[in-house]
Amino acid sequence: MTGDQVFEQRFGFRAKGEFRCSFPFETVFSGIAAGFLVLGELSFLLNYTELAFRTNNMLTPLVIMVVWGFFWLWIVRISFTGMTCRYEADDKEFRINAPFNRNEVFYYADVESVSYKPIKYLTGRVRGYSVTIKSRYRAYNYKYIFSKNKLKTAPDDSPFHMIEEHAGLTGASEGSVHGRT
């Protein structure tokens, strides 16, 4: 018997941590930022080109264009990093505390299914999962995105897998919470 199993039998299961979810307005915000980026670059190119050739100072409009471009790319990068959600789990429930007053409590007895659908970048690389947790009462959707540690990219590495394990949806035996016997 491992140390984790001894601890769980004596004190019960407890887990705590955090994960990242995408912002609800991420796609709209990125589209607006891309629009401002293109409009700003075109505006600078059309309006300051004549000034640059007239004064023989091409550096000023070029610097303004580069700064404008990096500013909007930085804004898009911030929106794509997502928001931090915290979770706490024990033997009976899984609690998620998310920004914007979105706090959810999942009782393992009420969870019917947990499904994962990959979220991809335009390049086709997987960015995370759209996780749907279906309970007796309604379905909850979270857009889980990977952290900077790209080594953990499987659904089993997400905190939502704990819900599956404790609700008995993974095929693990009743006596073992983590698939260990």
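Everything quoted here is computed from the prediction, not taken from an experiment.

Caption draft 1: Structural view of the overall build of the protein. Of the regular secondary structure elements, the protein holds four helices and seven strands. N-terminal to C-terminal, the α/β element order of the protein is α-β-α-α-β-β-β-β-β-β-α. Within the protein, residue pairs in contact and separated by at least 24 positions form 56% of the contacts whose partners lie at least 6 positions apart. Total accessible area computed for the protein in this model is approximately 12,100 Å², and 59% of it derives from carbon and sulfur atoms.

Caption draft 2: Up close: the nonpolar core. Among the nonpolar cores identified, the biggest contains 25 residues, and Phe-94, Ile-96, Phe-106, Ile-133 and Phe-160 are the most heavily contacted of them. Elements supplying a minimum of two residues to this core: β1 (14–21), β2 (83–90), β3 (93–98), β5 (111–120), β6 (126–135), β7 (139–145) and α4 (160–167). Apart from residues no more than four positions distant in its own chain, Ile-133 is found in contact with Phe-106, Val-111, Ser-113, Val-114, Arg-138, Ala-139, Tyr-140, Tyr-142, Phe-160 and Ile-163.

Caption draft 3: Summary view of the sheet that holds β6. Pairing in this open sheet of seven strands is antiparallel, and the strands run β4-β3-β2-β1-β7-β6-β5 from one edge to the other. The sheet is open, and its two edges are formed by β4 (102–107) and β5, each paired on a single side. Pairwise comparison of adjacent strand axes, ignoring direction, gives a mean angle of 25° for this sheet. With seven bridges connecting them, β6 and β7 associate as antiparallel partners. Within the sheet, the bridge partner assigned to Tyr-129 lies in β7 and is Tyr-144. Across the sheet, α4 is in contact with β1, β2, β3, β4, β5, β6 and β7; its angle to β5 comes to roughly 155°.

Caption draft 4: Just the pairing of β5, in detail. The pairing of β5 with β6 spans nine bridges and is classified as antiparallel. Bridging across to β6, Lys-120 finds its partner in Val-126. Remark: five residues form the turn of the hairpin made by β5 and β6, two consecutive strands paired antiparallel; Gly-124 in that turn has positive phi of roughly 95°.

Caption draft 5: Seen up close, the packing of aromatic side chains. One pass over the full model with this rule turns up 16 aromatic pairs. Taken together, a centroid distance of 6.1 Å and an interplanar angle of 55° make the contact between Phe-19 and Tyr-144 tilted. Taken together, the residues Phe-19 in strand β1 and Tyr-144 in strand β7 connect sequence positions 125 residues apart. Each member of the pair, Phe-19 as well as Tyr-144, is classed as buried. Between Phe-106 and Tyr-140 the ring centres are 4.7 Å apart and the planes differ by 85°, which places this aromatic pair in the edge-to-face class. With Phe-106 in strand β4 and Tyr-140 in strand β7, this residue pair connects regions lying 34 residues apart in the sequence. Take Phe-106 and Tyr-140: they sit in the same class, and that class is buried. Three or more aromatic residues joined by ring pairs make a cluster, and in this case those are Phe-19, Tyr-87, Phe-94, Tyr-116, Tyr-129, Tyr-142, Tyr-144, Phe-146 and Phe-160.

The rules behind these values
Residue positions are given per chain, counting from 1 as you read along its sequence in written order. Whole-chain, interface and lining totals are the exception, using all residues; otherwise, since this is a predicted model, local features are given only for residues with pLDDT of at least 70 and side-chain atom pairs are given and counted only at 80 or more. Computation of side-chain values covers all heavy atoms of the structure but excludes hydrogens and water. The secondary structure listing takes helices from DSSP runs of H or I that are at least 4 residues long and strands from runs of E that are at least 2 residues long, numbered from the N terminus. Note on contacts: a residue pair qualifies if any of its non-hydrogen atoms lie within 4.5 Å across the two residues. Every accessible area reported is derived by Shrake-Rupley at a probe size of 1.4 Å, with residue values counting cover from the shown protein chains alone. The nonpolar core is taken to be a set of buried Ala, Val, Leu, Ile, Met, Phe, Trp, Tyr and Cys residues, with the residues joined through side-chain atoms within 4.5 Å. Per-residue accessibility, obtained with a 1.4 Å probe over protein chains only, is compared with the maximum for each type, and a residue is labelled buried under 20%, exposed over 50%, and partly exposed between these values. For two strands to be treated as a pair, DSSP must find no fewer than two bridges joining them. Note on definitions: angles span 0 to 180 degrees between N-to-C directions of axes, and those axes are lines fitted to C-alpha atoms, for helices only across the stretch in contact. In this scheme Phe, Tyr and Trp rings, the latter by its six-membered ring, pair at centre separations within 6.5 Å, and the angle between planes marks the pair as stacked below 30 degrees, edge-to-face above 60, and tilted otherwise.

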